Amino acid sequence: MSQTDKHPLVNAYYRMLERVYEKLLGNEPENPRKLDEVIDEARQHAIELGELESSQAVKIGDYLRRDVEDFALLTLEKADQAKERIQQDLSELERDILGKLLEIADQTTLELNAIRAQAEMRQQHEWLAGDVSGPRDLECKHCGKLHHHNRPGPIGQCGHCGNRHYRRGKRVH
Ligand SMILES: [Zn+2]
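Residues numbered from 1 in each chain as written. Predicted model: local features only at pLDDT ≥ 70, side-chain atom pairs only at ≥ 80, totals over all residues.

Remarks on the sheet that holds strand S4 (residues 165-168)
- In space, the four strands of this open sheet follow the order S1-S4-S2-S3, with antiparallel pairing throughout. Each of the sheet's edge strands pairs with one partner strand only, and the pair in question is strand S1 (127-128) and strand S3 (146-149).
- In this structure, S1 lies alongside S4, joined through two bridges in antiparallel fashion. Bridge pairing links Trp 127 to Tyr 166 in S4. (Pairing = 2+ DSSP bridges. Helix = DSSP H or I, 4+ residues; strand = E, 2+ residues; numbered from the N terminus.)

Remarks on the nonpolar core
- Counting residues in each nonpolar core, the largest one holds 28 residues, and the members touching the most others are Tyr 13, Met 16, Val 20, Ile 60, Leu 64, Val 68 and Leu 101.
- If you list the elements that add at least two residues to this core, you get helix H1 (8-26), helix H2 (35-48), helix H3 (54-77) and helix H5 (92-107).
- Examining the composition of this core, we find that eight residues originate from one element, H1, more than from any other.
- Beyond its immediate chain neighbours, meaning those up to four positions away, Ile 60 contacts Ala 12, Tyr 13, Met 16 and Leu 52.
- In terms of nonpolar packing, the next biggest core, distinct from the first, is built from five residues, Trp 127, Leu 138, Cys 140 and Cys 158 among them. (Core = buried A, V, L, I, M, F, W, Y, C linked by C-beta atoms within 7 Å. Buried ≥ 20, exposed ≤ 12 C-beta atoms within 10 Å, placed from the backbone. Contact = placed C-beta atoms within 7 Å.)

Some details on H5
- With 16 residues, H5 should reach 22 Å at 1.5 Å per residue; the first-to-last C-alpha distance of 22 Å fits that figure.
- Here H5 has its buried residues at Ile 97, Leu 98, Lys 100, Leu 101, Leu 102, Ile 104, Ala 105 and Gln 107. (Expected span 1.5 Å × (residues − 1).)

A word on H2
- For H2, which comprises 14 residues, the first-to-last C-alpha distance of 20 Å matches the rise-based estimate of 20 Å (1.5 Å per residue) to within 8%.
- Those residues of H2 that fall on the buried side of the exposure criterion are Leu 35, Val 38, Ile 39, Ala 42, Arg 43 and Ala 46. Axial view of H2: buried residues confined to an arc of 145°, hence all on one face. When the buried face of H2 is taken as reference, the exposed residues oriented beyond 90 degrees from it are Glu 37 and Glu 48.
- Once H2 finishes, Gly 50 follows within two positions and takes phi at roughly 75°, a positive value. (Arc of directions from axis to C-beta.)

Description of the pairing of strand S2 (residues 136-140)
- Of the two faces of S2, only one is covered, namely that formed by Arg 136, Leu 138 and Cys 140; the face formed by Asp 137 and Glu 139 stays uncovered.
- In terms of strand pairing, S2 meets S3 through four bridges, oriented antiparallel. Each residue of the ladder has a partner; that of Asp 137, found in S3, is His 148.
- Between S2 and S3, which pair antiparallel one after the other, the connecting turn spans five residues, and Gly 144 there sits at a positive phi close to 80°.
- Sheet topology places S2 next to S4; three bridges connect them, and they run antiparallel.

A few points about the environment of Ser 91
- With respect to the helices and strands, Ser 91 occurs in the loop between helix H4 (79-87) and H5.
- By C-beta crowding, Ser 91 is classed as partly exposed, having 13 other C-beta atoms within 10 Å.
- With 60 residues separating them in the primary sequence, Ser 91 and Arg 151 have C-alpha atoms 8.4 Å apart.

Quick word on the environment of Arg 95
- Among the structural elements, Arg 95 can be located in helix H5.
- Given 16 C-beta atoms within 10 Å, Arg 95 falls into the partly exposed group.
- A sequence separation of 39 residues divides Arg 95 from Gly 134, and the C-alpha atoms of the two residues are 9.6 Å apart.

These values are about where atoms sit, not about what they do.
Right, here's the structure in full:
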């Protein structure tokens, strides 16, 4: 899939994911970087290149951070299922996004205690229609219907009840 086939928000998300991935996993493994720092750098980078307005860069960074945090927690809880999920019928791009997210999540294991504390403070991650997310199952907070959000693009509203709020689907990734 070429860059132009993707929704602009997904393009921005994917570019930021690639930069964060490069910085975290690309080199100098003996000198681990902090996820927050690396995401901030990737935001600045996108703004300096004129790819994103600063408010967009904040948003995209938050989407990415939420995915990494959520996958980090999930990987810790259900490492086997998380990896099996990659073997499922995802497109090349989706597999790439999920693979990178899981590798970053794995790399950030050292930060997990902090991430877990933050995630618990926020109770549970919530996704809104219009947000961008990596491939995952989302559960409608209103009617409980499970949505397989695999196609790259902003999250749609619930096809069943029209609600716009989701939590992580109970079925494991
Ligand atoms: Zn619903």
